[in-house]
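The chain contents come next:
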Amino acid sequence: MSHLRRLITLVSVGLLVGSVDGSAADDKAGIAFFESKIRPALVKHCYECHSKDAKKLGGKLRLDTREDLRKGGESGASIAAGKPDESLLIHALRWEDNLEMPPKEPLPEPVIADFAKWIAMGAPDPRTGPPVPVAPPVDTRTTHWSFQPVKKPLVPEPKAGDWARDPVDRFILAALETAGLAPTDDAPPETLIRRLTFDLTGLAPTPGQVAAYVEDFRTHGQRAVERLVDDLLASPQFGERWGRHWLDVARYAESNGNDGLSRNPTFPHAWRYRDYVIQAFNDDTPYDRFITEQIAGDLMPAEDDAQRDRQLVATGFLAIGSKPAKAMNENFDMDVVDDQIATVGSGIMGISVACARCHDHKHDPIPTRDYYAMAGIFQSTETLWGMAAYEGLTAPSTDLHVLKVAQNVPPPAGFVETVVPIDSNTGKPRAIPKSKWPVGTPLAMGVRDRKEPADARINLKGESKKLGDSVPRGFLSACVMPGEKTVTDGAQSGRLELARWLARPDHPLTARVMTNRVWLHLFGQGLVGTPDDFGIYGDEPTHPALLDHLAVRFAGEMGWSVKSLIRALVLSRTYQLDSTADGALVEADPGNRWHGRHLRRRLDAEAIRDRILQASGELDLRPGDGSAIRHRDIMVQLAGSLHQPSNHRSVYLCYLRNSPPPELAPFDLPDALGVAGRRETTALPAQSLFLLNSPFVVEQSRILARRLLAAGSAVEESALAAEAIRSVLAREPVSGEVERAVALVRDADAQLRSLQPDATLRREWAWAGACQALLATNEFRYVD
């Protein structure tokens, strides 16, 4: 096998590889992580003994300023930036080396993990100057751009106005002209069809599709582009691609993740929410209805049982979050509410509302009262996650929605769960508990109103047992828009009123945030670079008038249609620019802030796996059926690998927190612990090693080689090489590629003679190595 790996490396280098640098983590993302995870934990758990106002300063250590935290106390420097395992603070939080913080009991594991992650990020900390002992009341009368009404701007009139195809182009061109720049050339049709097909479906066009489109484009120009776009938008693969983008926002997963006690129960019914999202994007469900169904589908009227089922499943959005252990956690119920507030806040409004749980928001105009106004809505809501693997220490069991017309596949005859629950008190196996629902009744996670909705009381310092004033249920007071900001129907939780408030066309955040998410996925970077944070520490928009123009169109003339928004953007000339440009433009705008060219982007994890299956001819385009764990209400950590071989698209794989699909894990898959509107894109050695060593990649390479060789020994090697390039790269070979590939395969065959005397097998091995090398090239993983 070492010979094959050497061959793969040689072919990779010899054929098509270029280098692409990964992007560095955004500093503002680190600050946002500090504000949402670290500062609240410091305030809640540490300031009592380690701040300016502490009655007795423990260990001469203060943690209430950046300088004091880094300086440390009598034991030395508390953190080593970038090195959590070498940081005294982490040793103390883990109760290691005779260091114990807090002294009474360790913090929950997820909190310690947050501190470790923060230090690994370099310990970004915005706190400068002396600490403020008492925070002044938050002034919600903000002038920050994102809280102001969306206004329809005038469309600019750039000098070269004939260049534009859509008003979008006029905004872009006007900004380029102001900066003294000009856009690059249009992308050639061979590049554009690949870009469009990947962006809209997550798959590559076939060589035949490329040839037909190029011919159509030469004859009909933009009409050919419009036909292609309409076909792609109508494809069922569109919903699988764009539904996956939303699942990142919804922190979708099929297990809870580590609850702090190393327990990870499955969510056997979460897959129904996944299928709901995919279908909603394929149906082009208007975005205002889409978010309303997810927040309050159970409270909406339904025309029939099928619609009722769909709306109940949609509320899984609020139930699939990761939860800390119930054991020894008086704040468990509020932790569930906090996850829901964080998801609605960051996911739909692009604002980190959850930072105001323990204190008034430190930088955004969100007082603690606003947080508990929303908390009352979700405290008046019953969250239905199911049995939690029958482990009460993780979470108490709850009801589930019972669906009426949805189909459910019963477990196979004789099915016996092989993972027996362990009694947490005795450590011995418990009896396979009897489900409260009949086998084969279809079930779904979700939410419903409690019988007696009520307002929430402020939790002082975030502690559920330390209660302050009661706060009327309501919404964010900083959003500049007319109308009531409190719940008017006290008989309901207020979720339906919250959803309708969010879905108003004049809401200052909702349309802007979703428009920016769509732009991000099509152009590689958002008009606002921090898609989940439109607050004070988030990025300012590069083109604020363009963002508002698109938000107005999206919520107005487009009727909240995501497909219409995507269609308008991909038909713009800006989207159709080439990714290559002259050196002067690249030097003047290296980050492509002004969109004078298109960005070359690496495919995400799902697209890489799907494309490998597509290249080998093994991809099954039928929708996946349910989930590998739909009959398994168990603890993931006790079960070994729950992932099963599948040739379906990656969106249908089993997404378990702390145990992701192995074919996807190396390529920046989000952890599903919170909203992830933008994935990191790294270029790490582990990714190249995966493409060289992964059993999945090796097997698909062999399958492709066997398919190539199935035509018989009479086929010339040059024809095999050309077909391999077509299958993997979805294009015709260019000068010299076929010859280099054939020469390298012959060299591999010679090297393998001592290992494999059988000429037929040796030929298959050599061609499998060549196919795997093509799969490892940058051209395969990147799209222009």
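Up top you'll find the structure we're talking about.
Residues numbered from 1 in each chain as written. Predicted model: local features only at pLDDT ≥ 70, side-chain atom pairs only at ≥ 80, totals over all residues. Heavy atoms only, no water.

Q: Sorry, what's going on with the overall build of the chain here?
A: For the chain, the count of helices and strands is 27 helices and eight strands. By the compact-globule yardstick of 28 Å for 784 residues, the chain fits well, its C-alpha radius of gyration being 28 Å. Per-residue burial over the chain gives 57% buried out of 784 residues. Accessible surface, the chain: about 32800 Å² in total, of which carbon and sulfur atoms supply 53%. Of the charged side chains in the chain, 92 are positive and 104 negative, and the gap between their average positions amounts to 2 Å. (Helix = DSSP H or I, 4+ residues; strand = E, 2+ residues; numbered from the N terminus. Rg over C-alpha atoms; globule rule 2.2 N^0.38 Å. Buried < 20%, exposed > 50% of the residue type's maximum accessible area, 1.4 Å probe, protein only. Areas by Shrake-Rupley, 256 points an atom, 1.4 Å probe, with all protein chains shown as cover. Lys, Arg positive; Asp, Glu negative; His and termini not counted. Charge placed at Lys NZ, Arg CZ, Asp CG, Glu CD.)

Q: Help me out: how do you make sense of the environment of Ala32 in this one?
A: As for its placement among the helices and strands, Ala32 is situated in helix H2 (residues 27-46). C-alpha of Ala32 to C-alpha of Cys355: the two residues are 323 residues apart in sequence and 9.7 Å apart in space.

Q: Would you take a moment to explain the state of the cysteines for this structure?
A: By definition, a disulfide links the sulfur atoms of two cysteine residues through a covalent bond. The full count for this structure, using the stated rule, is zero disulfides. Here Cys46 is not disulfide-linked; the sulfur of Cys49 is the nearest cysteine sulfur, at 8.8 Å. Overall, Cys46 belongs to the buried group, its relative accessible area being 7%. (Disulfide = S-S within 2.5 Å.)

Q: Even after reading the chapter, I still don't get the packing of helix H7 (residues 189-201) against helix H10 (residues 236-249), so can you show me in this structure?
A: A pair of packed helices is characterised by two quantities: the angle between their axes and the separation of those axes. One way to put it is that H7 packs onto H10 with a least axis distance of 6 Å and a crossing angle of 70°. Here H10 runs roughly perpendicular to H7, going by the angle between their axes. Here Phe198, Asp199, Leu200 and Thr201 of H7 lie close against H10, whose contacting residues are Gln237, Phe238, Arg241 and Trp242. Within the contact of H7 with H10, the residues separate by chemical class into four nonpolar, two polar and two charged. (Axes fitted to C-alpha atoms, helices over the stretch in contact; angles between N-to-C directions. Parallel < 35°, antiparallel > 145°, perpendicular 65-115°, else oblique. Contact = heavy atoms within 4.5 Å. Nonpolar A, V, L, I, M, F, W, Y, C, P; charged D, E, K, R; others polar.)

Q: I keep staring at the pattern of salt bridges and nothing clicks. Help me out?
A: Side chains that differ in sign of charge can pair as their charged atoms come close. Within this structure, the stated rule accounts for 48 salt bridges. When the shortest N-O distance is used, the salt bridge between Arg62 and Asp68 registers 3.5 Å. A relative accessible area of 22% places Arg62 in the partly exposed class. You can call Asp68 buried: its relative accessible area is 16%. The salt bridge involving Arg289 is made with Glu293; its shortest N-O contact spans 2.8 Å. One end of the pair, Arg289, and the other, Glu293, are both in helix H12 (residues 287-296), four residues apart, so they sit about a helical turn from each other. For Arg289, a relative accessible area of 30% translates into the label partly exposed. The class of Glu293 is buried, set by a relative accessible area of 4%. (Salt bridge = Lys/Arg side-chain N within 4 Å of Asp/Glu carboxyl O.)

Q: Is there a simple way to explain the packing of helix H17 (residues 510-523) against helix H18 (residues 544-555) in this structure?
A: Running from amino to carboxyl end, H17 crosses H18 at an angle of 105°, the nearest separation of the two axes being 9 Å. What the angle tells us is that H17 and H18 run roughly perpendicular. Residues Ala511, Arg512, Met514, Thr515, Asn516 and Trp519 of H17 form the contact with H18, whose participating residues are Leu546, Leu547, Asp548, Leu550, Ala551, Phe554 and Ala555. Its residues assigned to classes, the contact of H17 with H18 comprises nine nonpolar, two polar and two charged.

Q: I'm lost on the nonpolar core in this one. Help?
A: The nonpolar side chains of soluble globular proteins are, as a tendency, buried together. Formed by 173 residues in total, the largest nonpolar core has its most connected members in Trp246, Tyr273, Tyr287, Leu522 and Ile566. Ranked by residues supplied to this core, first place goes to helix H14 (residues 332-349) with eight residues. Leave out the neighbours within four places in its chain, and Trp246 touches Tyr273, Val277, Phe281, Tyr287, Phe290, Gln294, Phe317, Ile348 and Met514. Counting 25 residues, the second largest nonpolar core, distinct from the first, contains Leu69, Ala92, Ile112 and Trp118. (Core = buried A, V, L, I, M, F, W, Y, C linked by side-chain atoms within 4.5 Å.)

Q: Looking at this structure, how should I read unusual backbone geometry?
A: A negative phi holds for most residues other than glycine; trans holds for most peptide bonds. Cis geometry is adopted by the peptide bond preceding Pro102, which originates at Met101 and carries an omega value of -15°. Its identity as a non-glycine residue notwithstanding, Ala123 has a phi of 55°, on the positive side. Look at Asn658: it is not a glycine, yet its phi comes out positive at around 65°. Tracing the chain through its elements places Asn658 in the loop between helix H21 (605-616) and helix H22 (685-693).

Q: Looking at this structure, how should I read helix H6 (residues 167-178)?
A: Residues spaced three or four apart along an α-helix point in a common direction, a consequence of the helix completing one turn every 3.6 residues. Counted at 1.5 Å a residue, the expected span for H6 with its twelve residues is 16 Å, and the 17 Å between its end C-alpha atoms agrees. When H6 is considered as a whole, its buried residues turn out to be Val168, Asp169, Phe171, Ile172, Leu173, Ala174, Ala175 and Leu176. Each element contacted by the buried residues of H6 is listed here: H17, H18 and helix H19 (562-570). Backbone geometry just after H6 places Gly180 at a positive phi near 75°. (Expected span 1.5 Å × (residues − 1).)

Nothing here speaks to function; it is geometry throughout.
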